[in-house]
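A structural walkthrough
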Amino acid sequence: MKKELIFDHSITVTQPSLPNYASYIAYVKDIWERKWLTNNGPLHEEFKNRLKSYLSTTNVELFTNGHLALEISLKALELEGEVITTPFTFASTIHAIKNCNLEPVFCDIDPVTYNIDPTKIEELITDKTSAIVAVHVFGNPCELEAIQAIATKHNLKVIYDAAHAFGVEVDGNGIANYGDVSMFSFHATKVFHSIEGGMLSFSDEMLSPILNALKNFGITSPETVDYIGTNAKMNEFQSAMGLCNLEIVDKEISSRKNAYTRYMEELTGLDDVQLLKLPENIKPNYAYFPILLKDHKLRNFLSDRLTKYNVIARKYFYPLCSQFECYDYDGNETPVALDVSDRILCLPMHANLDVKEVSQICDIIRYELGDYSE
Ligand code: T4K
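Every value quoted in this text rests on a predicted model; they were computed, and no experiment measured them. (Residues numbered from 1 in each chain as written. Predicted model: local features only at pLDDT ≥ 70, side-chain atom pairs only at ≥ 80, totals over all residues. Heavy atoms only, no water.)

1. Things to note about the sheet that holds strand 4 (residues 103-106)
Definition in use: Strands qualify as paired when DSSP identifies two bridges or more between them. Helix and strand labels come from DSSP, where a helix needs a run of H or I of at least four residues and a strand needs a run of E of at least two; each type is numbered from the N terminus. Lines fitted to C-alpha atoms define the axes, with helix axes restricted to the stretch in contact, and inter-axis angles between N-to-C directions lie between 0 and 180 degrees.
Across the sheet, seven strands lie side by side as 2-10-9-6-5-3-4; this open sheet has mixed pairing. A strand with exactly one partner marks an edge of an open sheet, and here the two such strands are strand 2 (60-63) and strand 4. Shown here is a sheet whose adjacent strand axes are inclined to one another by a mean of 25°, direction ignored. With four bridges joining them, strand 3 (residues 82-85) and strand 5 (residues 129-135) adopt parallel strand pairing. Bridging from a neighbouring strand, Glu 82 pairs with Thr 129 of strand 5.

Rendered as structure tokens:
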């Protein structure tokens, strides 16, 4: 341990940015006066329209969180049987599939991007397969064309868990415009947030009334309930936070870019550390800063050591979802994902992180890796 590198406060993996207090309170004052708190209020509608324009997309619906948005999208698409997906994701993705009585079939991931490996999807397709649920892990886009080609050939739906990918563009096109549906998380820990919140973007506008019904108990008119729905509506306070944060999201992303650039400068070429390379044709959002260590033991060593310096890195995503005790899989069906999950570590990455703090984190990493003996 090098005492002079210890932070005097916790540097967490992420930290929400908050908008100007007065601008949020101005929205709250209006909510107070209107007494319209939830169920498609005016701020909800304004937020929806502003999102369409910011993300350059046509069809969107808002939800109380990303998880329920994803679950509702699977229901709305009336999927059945098996769904090909990745085990290298947050619990939410697979729980959503299971909660819709679908069977996840785990496909291995690409060792460089950590996204689902499209070359391994086709061998998993059976006559029960109805969809591919892919995740833009750490905001890095999946191989969109390859996935769509497979889906078109086999008549499958494509659902993107884009929880991490707000604002990302591919060849100048917003990531919300790919697949049948994409789900975005607006959780406090994300690049863009509405405290809690979620959004679906979708290609078929006919989905809109179904999504609206499903998030409101299946109600389609005051005396008609057409679906077995749930309650997943975004309220006015969430919408207000989202509207305020839309004003600062570009600044958020550029501050993250500064942290990202400093990490890249300081960690590139370091022995035993693999960095995630972003493709040239994307506009990234710098949602996470994952590093891949040489092996499991070194990853755990570094994670523990960083904690002693008050740097709280996180093992996103370890264990693999397919290793969860609540399920009956074991993780061995996807050896690449298993290996990545054993070696991954996400370093702190957020807009409030100063580049000097990034340098200090990198100093700690260099010092501790030098101190490591196998
Ligand atoms: N799909 C994917 C691929 C996802 O990653 C997620 C969510 C979803 C779907 C579902 O979307 P939502 O339903 O959540 O909208 C966090 C988030 O809670 C979760 O939203 C996120 N993924 C996941 C990757 O990260 P935890 O269990 O790591 O959260 P927690 O409480 O440990 O927070 C992480 C760090 O953030 C803390 O060390 C401190 C900091 N923090 C957190 C909160 C909540 C703050 O500074 N302030 C805060 O208010 O899951």
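2. Considering the packing of aromatic side chains
Going by this rule: A pair of aromatic rings is counted whenever rings of Phe, Tyr or Trp (Trp by its six-membered ring) have centres within 6.5 Å, and the orientation is called stacked for planes under 30 degrees apart, edge-to-face for over 60 and tilted otherwise. A simple rule labels every residue: compare its accessible area, found with a 1.4 Å probe on the protein chains alone, to the largest value its type can have, and call it buried under 20%, exposed over 50%, or partly exposed in between.
Counted under the stated rule, the structure contains 23 aromatic pairs. A centroid spacing of 5.1 Å and a plane angle of 85° characterise the contact between Phe 106 and Tyr 329, whose relative ring orientation is edge-to-face. Pair noted here: Phe 106 is in strand 4 and Tyr 329 is in the loop between strand 16 (311-312) and helix 9 (335-343), with a separation of 223 residues, a long-range link. There is no split in this pair, since Phe 106 and Tyr 329 are both buried.

3. A word on helix 6 (residues 207-214)
Rules: Between two residues, a contact is recorded if the distance between any of their heavy atoms is within 4.5 Å.
Residues of helix 6 that are buried: Leu 207, Ser 208, Leu 211, Ala 213 and Leu 214. The secondary structure elements touched by the buried residues of helix 6 are strand 2, helix 3 (66-76), strand 9 (181-185), strand 10 (198-202) and strand 11 (219-221).

4. Details of the side chain of Asp 117
Note the cut-off: Definition of a polar contact: a pair of N or O atoms within 3.5 Å, with one able to donate and the other able to accept a hydrogen when the atoms are protein atoms, and with sequence-neighbouring residues admitted only if both atoms are side-chain atoms.
Tracing the chain through its elements places Asp 117 in the loop between strand 4 and strand 5. What makes Asp 117 buried here is its relative accessible area of 10%. At 2.7 Å, the side chain of Asp 117 and the side chain of Thr 119 are in polar contact.

5. Describing the packing of helix 1 (residues 21-34) against helix 7 (residues 236-267)
For clarity, the cut-off: Any angle that is under 35 degrees is reported as roughly parallel, and any over 145 degrees as roughly antiparallel; angles of 65 to 115 degrees are reported as roughly perpendicular and all others as oblique. Handedness of each helix crossing follows the sense of rotation of the near helix against the far helix: counterclockwise by less than a right angle gives left-handed, clockwise gives right-handed. Three classes are used: nonpolar for Ala, Val, Leu, Ile, Met, Phe, Trp, Tyr, Cys and Pro, charged for Asp, Glu, Lys and Arg, and polar for all others, with Gly counted as polar.
Packing of helix 1 against helix 7 brings their axes to within 9 Å, and their N-to-C directions diverge by 150°. With respect to helix 7, the element helix 1 is oriented roughly antiparallel. In this structure, the crossing between helix 1 and helix 7 has a hand that is right-handed. For the pair helix 1 and helix 7, the contacting residues are Ser 23, Tyr 24, Tyr 27, Val 28, Ile 31, Trp 32 and Arg 34 in the first and Glu 236, Phe 237, Ala 240, Met 241, Leu 243 and Cys 244 in the second. Its residues assigned to classes, the contact of helix 1 with helix 7 shows ten nonpolar, one polar and two charged.

6. Observations regarding the sheet that holds strand 13 (residues 273-275)
The antiparallel open sheet is built from three strands, whose spatial order is 13-15-17. Both outer strands of the open sheet, strand 13 and strand 17 (344-347), are each paired with one neighbouring strand and no more. Across the sheet, the mean angle separating the axes of adjacent strands is 35° when strand polarity is ignored. Bridge count between strand 15 (residues 289-293) and strand 17: four bridges; the pairing is antiparallel. Along strand 17, the bridge assignment pairs Pro 290 with Cys 346. Lying over the sheet, helix 8 (residues 296-308) contacts strand 15 and strand 17, oriented at roughly 25° with respect to strand 17. The strands that helix 9 touches are strand 15 and strand 17; relative to strand 17, the one it contacts most, it runs at about 45°.

7. A look at the site of the ligand
Threshold: For this description, a residue counts as near a given molecule or strand if any of its non-hydrogen atoms is within 4 Å of it. Note on areas: Shrake-Rupley with a 1.4 Å probe; residue coverage comes only from the protein chains shown. Where a domain begins and ends is set by an automatic assignment or by a domain database.
The ligand sits among 25 residues. The nearest are Asp 161, His 164, Ser 185, Arg 314 and Tyr 316. Between the ligand and His 164, the relevant distance is 2.7 Å, taken from an oxygen atom to a side-chain nitrogen or oxygen of the residue. Here an oxygen atom of the ligand and a side-chain polar atom of Ser 185 are 2.7 Å apart. Taking 920 Å² as the accessible area of the ligand by itself, protein coverage stands at 74%. Among the residues forming the shell around the ligand, the class breakdown is eight nonpolar, 14 polar and three charged. Counting residues domain by domain, the shell around the ligand receives three or more from each of domain 1 (3-16 + 249-371) and domain 2 (21-243).

8. Notes on the domain arrangement of the protein
Let me state the cut-off plainly: Defined in terms of a 1.4 Å probe, buried area is the accessible area two parts forfeit on being brought together, summed over both.
By domain assignment, the protein separates into domain 1 (3-16 + 249-371) and domain 2 (21-243). Taking the mean C-alpha position of each, domain 1 and domain 2 sit 25 Å from one another. Counting from both sides, the interface comprises 38 residues of domain 1 and, opposite them, 40 residues of domain 2. Both sides of the domain 1 and domain 2 interface together cover about 3300 Å² of buried area, and 66% of this is carbon and sulfur. Its largest share of buried area at the contact with domain 2, domain 1 owes to Lys 283, Tyr 288 and Phe 317, together 19% of the area lost on that side. On inspection of domain 1 and its partner domain 2, the count reaches twelve residue pairs in polar contact (both at pLDDT 80 or more). Those elements that place two or more of their residues in the side of domain 1 that touches domain 2 are helix 7, strand 14 (282-283), strand 15, helix 9 and strand 17. Considered class by class, the residues forming the side of domain 1 that touches domain 2 number 26 nonpolar, seven polar and five charged.

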